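# Overview (structure and organization)
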Amino acid sequence: MPTLTTLPLWVQIINLLAAILLLLAFAMLAQRRIVSLIDLYAWQGLVLASSTAIVGYATGQPHLYFSAGLTLLLKVALLPWLLHRLVRQLDVKWDVERLINVPTTMIIGLVLVVFAFNLAVPISQLASTVTRATLGIALATVMLSFLMMITRRKAISQVIGFLSMENGLFFAATSATYGMPMVVELGIALDVLVGMLILGVFFFQIREQFDSLDLKHLEKLKDSE
Amino acid sequence: MTITGFLSQLLQVAIALALAPLLVGWVNCCRAWLANKRAPSLLLPYRMIRKLFAKDAVVAQNASPIFRLTPYVVFGAMTCAAAIVPSLATDLPFARAADAIALVGMFALARVFMALAAMDIGTAFGSLGARRDMFIGFLAEPALLMVLFTASLLSGSTSLPQIVDTLAHREIGIYPSLAFAGVAFTMVSLAENARIPVDNPATHLELTMIHEAMILEYSARHLALLEWAAALKLFNYSCIGLALFVPFGIVVSGTGWQLLLSAAPLLIVKLAIGGAALALIETLSAKMRIFRAPEFLGTAFMLAVLAMLVNLLLGA
Amino acid sequence: MVEIVLVLSLPLAGAAVLALFGHRRVAADINVAVSVCTLLAAAALTARVVIDGPLLALDRQFFVDPFNVFLVALTAFVGFTTSIFSRPYMRIEEQHKRLNAARLRLYHSMYQLFNFTMLLALLTNNLGILWVAMEAATLTTVLLVSLYRTPASLEAAWKYFILCGVGIAQALFGTILLYFAAEKLLGAGGGALLWTELDSVKGSLEPTVLSLAFVFLLVGYGTKVGLVPLHNWLPDAHAEGPTPVSAVLSGLLLNVALYAVVRCKVLVEGSVQTSFAKDLMMGFGMLSVVVAALLLSRQKDIKRLFAYSSIEHMGIITFAFGMGGPIANFAGLLHMTVHSLTKSAIFFTVGHAAQKAGTQVIDDIRGLVTINPQLGWALAIGSLAILGMPPFGVFASEFLILTTAMRDHPWATPLLLGSLGLAFAAMFSKVQPMVFGETAAKRLPLRPSMLPVYAHLALVLMLGLWIPPFLADWYRQAARLIG
């Protein structure tokens, strides 16, 4: 038997949460309804907040509680609420049209996960932290979100992809390294929030200019025509 | 091969044969209860099989030998599968042949014969059912294999008894890979056993049926064998699921009679719970259009592959 | 210490003030005033470093050494001159009804905020804060690029946001990996992200992790540098935003992003004992030079033309830092300085020229010398300078880079020379008719602000003939540091 069971319970829970995070990333990749996409994003935030809190509890780093609370506030409550509002106001419900169909996307996603795991394995072996295996999953989540951004056509789903990529990075920061310094985390949170607000304004302008949030209108600028 | 070993192997097969219709009856009862209906008798499947055996078989004029042979092949394949699935004990004489891939092969063999027989008569429904069944099988089998591989990765072997042994004697812990594989396996089982989101066992509505369309031409003892085989298939799948995901209580050495006899009631309890859960799933979900099936099974496949990947990375 | 606080707080305060009064008539003057104060503070900081040497301030959170001090000075200087240029430029834009008061307020406030993020990125000792500052710079410039709210500018800003957002996310992952490697040695907490701390233990950092981290960091910050194939946002953002923004994008942002890459490279070099980081940088740099040179001749938009030229020059600098060694690094630092000065000067002239012609299409801009001789000659001289004609500073740095390449990496020489030749031909053939061609247009009614252009070009000329000893000394020290 592999040695998993010798790991303490909290590491097992982190591993479980990591797996759920990966699952959610795939679910986002497959999801067509934008409202569900936002809900999945909120779930991701919840998983992230719980894993951060658990790491904080287990390693006795109180600042991680703060960061978990921040995650909860920002990624489970505030950003999904903003996104829901945007979706309601802009009246975009579906993102059916995409560059690559779902099964192909999934297969590419699997390949990416394998790639990410391979990349992470040598690093994980060097790690001193107990939750080192999660680095691969964090990297995989980042890559899957990247894939989602590439394959989606609607501006809003691209942004959700961007946010979920940030989730993956955050997971790498908290679970693989037990959290970055507080200043940095605050800065990152601030950037994400401000970025989201700017984009919210942007959506309306894009819609105003193009009468749609479909990004195929945004492919005019090319060299030399 | 000792006599006791042989006898306990026989016992396991006998229990499977005997309990399979009961499981179907139980699931039907649960479904009726959940739908607030009066439940049919628990023993209805037995009566049905007995009634069918008593009748004279009618076979279409243009039926080839394959048509007559199929019920026996399918029933035989399912019985063999019942012999190698470690439902009661792991150290049985057939255990050496009990390979996960062989098991999937056994199911595939039954499926191929079913499909051939369904097309044999040349009716529209038969071909339609055969086509749909192959379509589903083509999607479900890789997923099933992936689930089994995930379990194999944990134990380092594709031999079913060994997998179950390691899984039964692991320490209690959280295994994300097994959780994913469990969900994937449930989805595959639903599809493979023609249960609700994919097929509806309780209806003969032409446009949607899959399994029922294939056995439309059969009657009497042939039909009885096929129904029994279908019940056995459900039983086998349930046992695989139980062996992989709740293996506790399975006896390691199949020689101790007492142990074996203690494992049997436990199995019945687990099957009863599993059957009720199946009924619950079926009641809660609606049947999908056939074109949604690839998505459903694709999800199962993805989950199974993810389980494998997570297992490789996390070692759990 | 006080100087650092001043350098950072002045633009921040300026941004706050301009957020309130940015739409007023005086806003442009406030903008200039804030920039001049920032420049003075930066000069004081520079003087302090000249006298006292490198300094570490505010609980090790800020760090000034020869490598970043000249960039701080350069940033403050270009920020100042651009604010002078933007005063008449934005006024004309307002008169042409391309902007309203609210947009103007946004512009002024974001301009100062952008300067703040640049200076913060340069001065911070914390690699995490560096990332945060770069991301904040992306956000401010996204708003600046989309200022006109035209479909094209929205598209450019969207592309810019998504590409740089994704890129910068990769950089964050690289930063996390760095932290991951360092916290084993330095312990959890703030210390493990401080560049000075990392630098002191770089020899014992885990090479595997650092190599991977560097790939992510290079891709991440490289997106902002505009390295091919991550350059797609750059021409759009330059072409569609207001010209002062193009000038600071090319003059400041690209430099600072490259600065981030080089800071990280120093750590990785110290840990990984192979030429991995160097090869990667040389590869990206060379690719950028070649591709940009090839694409130059296809440009029809004047700002896109010079945007591609920026990609080319960033490629040259990246290549120089990739080669390493005292001479190449010296040349790279010099090239950073002169490119930033020359390119922003060019954008100043281009901005007025495009404003005059009412278009950015090269074919429709003709005879600048007759419309406004100063403008025409400035564009001609600026273009010659950026193309590497002696006696300008660009020639000196390119010459040094080429000779080092000839000695250390002979394979690169024909590629570099060919690209430079191609760029020369493409750019010259496009700029020449713009400056000297026939035109029926009237003379420019409003006097363009030529002071910044002259100042920049004079500095570039000076750097080509004589480098002040303290600057040369910094370059040498920084070159040693970069390795």
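Residues numbered from 1 in each chain as written. Chains lettered and ligands numbered in written order. Predicted model: local features only at pLDDT ≥ 70, side-chain atom pairs only at ≥ 80, totals over all residues.

Turning next to the overall build of chain B. Tallying secondary structure elements over chain B gives 11 helices and 2 strands in all. Reading chain B from its N end, one meets helices and strands in the order α-α-α-β-α-α-α-α-α-α-β-α-α. What you see for chain B is a C-alpha radius of gyration of 19 Å, in line with the 20 Å of a compact globule of 316 residues. In terms of principal-axis extent, the alpha carbons of chain B reach across some 55 × 45 × 40 Å. Taking contacts inside chain B between residues at least 6 apart in sequence as the whole, the part at least 24 apart equals 81%. (Helix = DSSP H or I, 4+ residues; strand = E, 2+ residues; numbered from the N terminus. Rg over C-alpha atoms; globule rule 2.2 N^0.38 Å. Contact = placed C-beta atoms within 7 Å.)

What follows covers helix α16 (residues 393–408) of chain C. Residues and elements named next belong to chain C. In this model α16 runs 23 Å from its N-terminal to its C-terminal C-alpha over 16 residues, within 8% of the 22 Å that 1.5 Å per residue would give. Taken together, the buried positions of α16 are occupied by Gly393, Val394, Ala396, Ser397, Glu398, Ile401, Thr404 and Ala405. In this structure, the buried residues of α16 make contact with α12 (302–323), α13 (326–357), α15 (373–386), α17 (412–436) and α18 (451–465). (Expected span 1.5 Å × (residues − 1). Buried ≥ 20, exposed ≤ 12 C-beta atoms within 10 Å, placed from the backbone.)

Our focus in this paragraph is the packing of helix α1 (residues 3–34) of chain B against helix α3 (residues 65–84) of chain B. Residues and elements named next belong to chain B. In contact at an axis separation of 9 Å, α1 and α3 are set at 125° when each is read in the N-to-C sense. Put simply, α1 runs oblique to α3. For α1 against α3, the interelement crossing comes out right-handed. When α1 is examined against α3, the residues Gln9, Gln12, Val13, Ala16 and Leu17 are found in contact with a partner set consisting of Thr79, Ala82 and Ala83. (Axes fitted to C-alpha atoms, helices over the stretch in contact; angles between N-to-C directions. Parallel < 35°, antiparallel > 145°, perpendicular 65-115°, else oblique. Left-handed = near helix turned anticlockwise from the far one by under 90°.)

What follows is about the interface of chain B and chain A. Taken together, the contact between chain B and chain A spans 18 residues of the former and 23 residues of the latter. Residue assignment for the side of chain B that touches chain A shows that the elements contributing at least two residues are α7 (176–192) and α11 (293–314) of chain B.

A word on the confidence of the model for chain B. Residue and element names in this part refer to chain B. On average, residues of chain B score 82 in pLDDT, and 95% of them are at 70 or above. Taking the mean pLDDT of every element in chain B, the minimum, 63, falls on strand β2 (residues 251–253) and the maximum, 88, on α3. Reported confidence for the predicted complex is 0.89 by ipTM and 0.86 by pTM. (pLDDT = per-residue confidence, 0-100.)

Of all hydrophobic cores here, the largest spans 379 residues; its most connected members are Leu22 of chain A, Ala143, Val147, Ala184, Ala304 and Leu306 of chain B together with Val72 of chain C. The element best represented in this core is helix α6 (residues 151–186) of chain C, accounting for 22 residues. Here Ala143 of chain B is in contact with Ala184, Val188, Leu297, Ala300, Phe301 and Ala304 of chain B, once residues within four sequence places are set aside. (Core = buried A, V, L, I, M, F, W, Y, C linked by C-beta atoms within 7 Å.)

Another aspect to go through is the interface of chain C and chain A. Every contact between the two is made by 40 residues of chain C and, on the other side, 38 residues of chain A. Put simply, the parts of the chain that give the side of chain C that touches chain A at least two residues each are α5 (127–145), α6 and α8 (207–225) of chain C. By residue number, the principal contributor to the side of chain C that touches chain A is α6 of chain C, which donates 17 residues. The residue makeup of the side of chain C that touches chain A, split by class, is 24 nonpolar, 7 polar and 9 charged. (Nonpolar A, V, L, I, M, F, W, Y, C, P; charged D, E, K, R; others polar.)

Right, let's talk about unusual backbone geometry for a bit. Residues Val228 of chain C and Pro229 of chain C are joined by a peptide bond in cis, for which omega reads 5°. By the element assignment, Pro229 of chain C lies in the loop between α8 and α9 (233–240). For the bond running from Pro390 of chain C to Pro391 of chain C, omega is 10°, close enough to zero to count as cis. In this structure, Asn36 of chain B is a non-glycine residue whose phi angle is positive, near 65°. Tracing the chain through its elements places Asn36 of chain B in the loop between α1 and α2 (44–54).

Turning our eyes to something else, we now look at the packing of helix α11 (residues 276–296) of chain C against α17 of chain C. All names here are of chain C. Where α11 contacts α17, the axes come no closer than 8 Å and their chain directions differ by 30°. Classed by the angle they form, the pair α11 and α17 counts as roughly parallel. The two elements α11 and α17 meet at a crossing, and its hand is left-handed. Residue-level inspection shows Met286, Val289, Val290, Ala293, Leu294 and Leu296 of α11 in contact with α17, the latter providing Ala412, Leu415, Leu416, Ser419, Leu422, Ala423, Ala426 and Met427. Partitioning the contact of α11 with α17 into residue classes produces 13 nonpolar, 1 polar and no charged.

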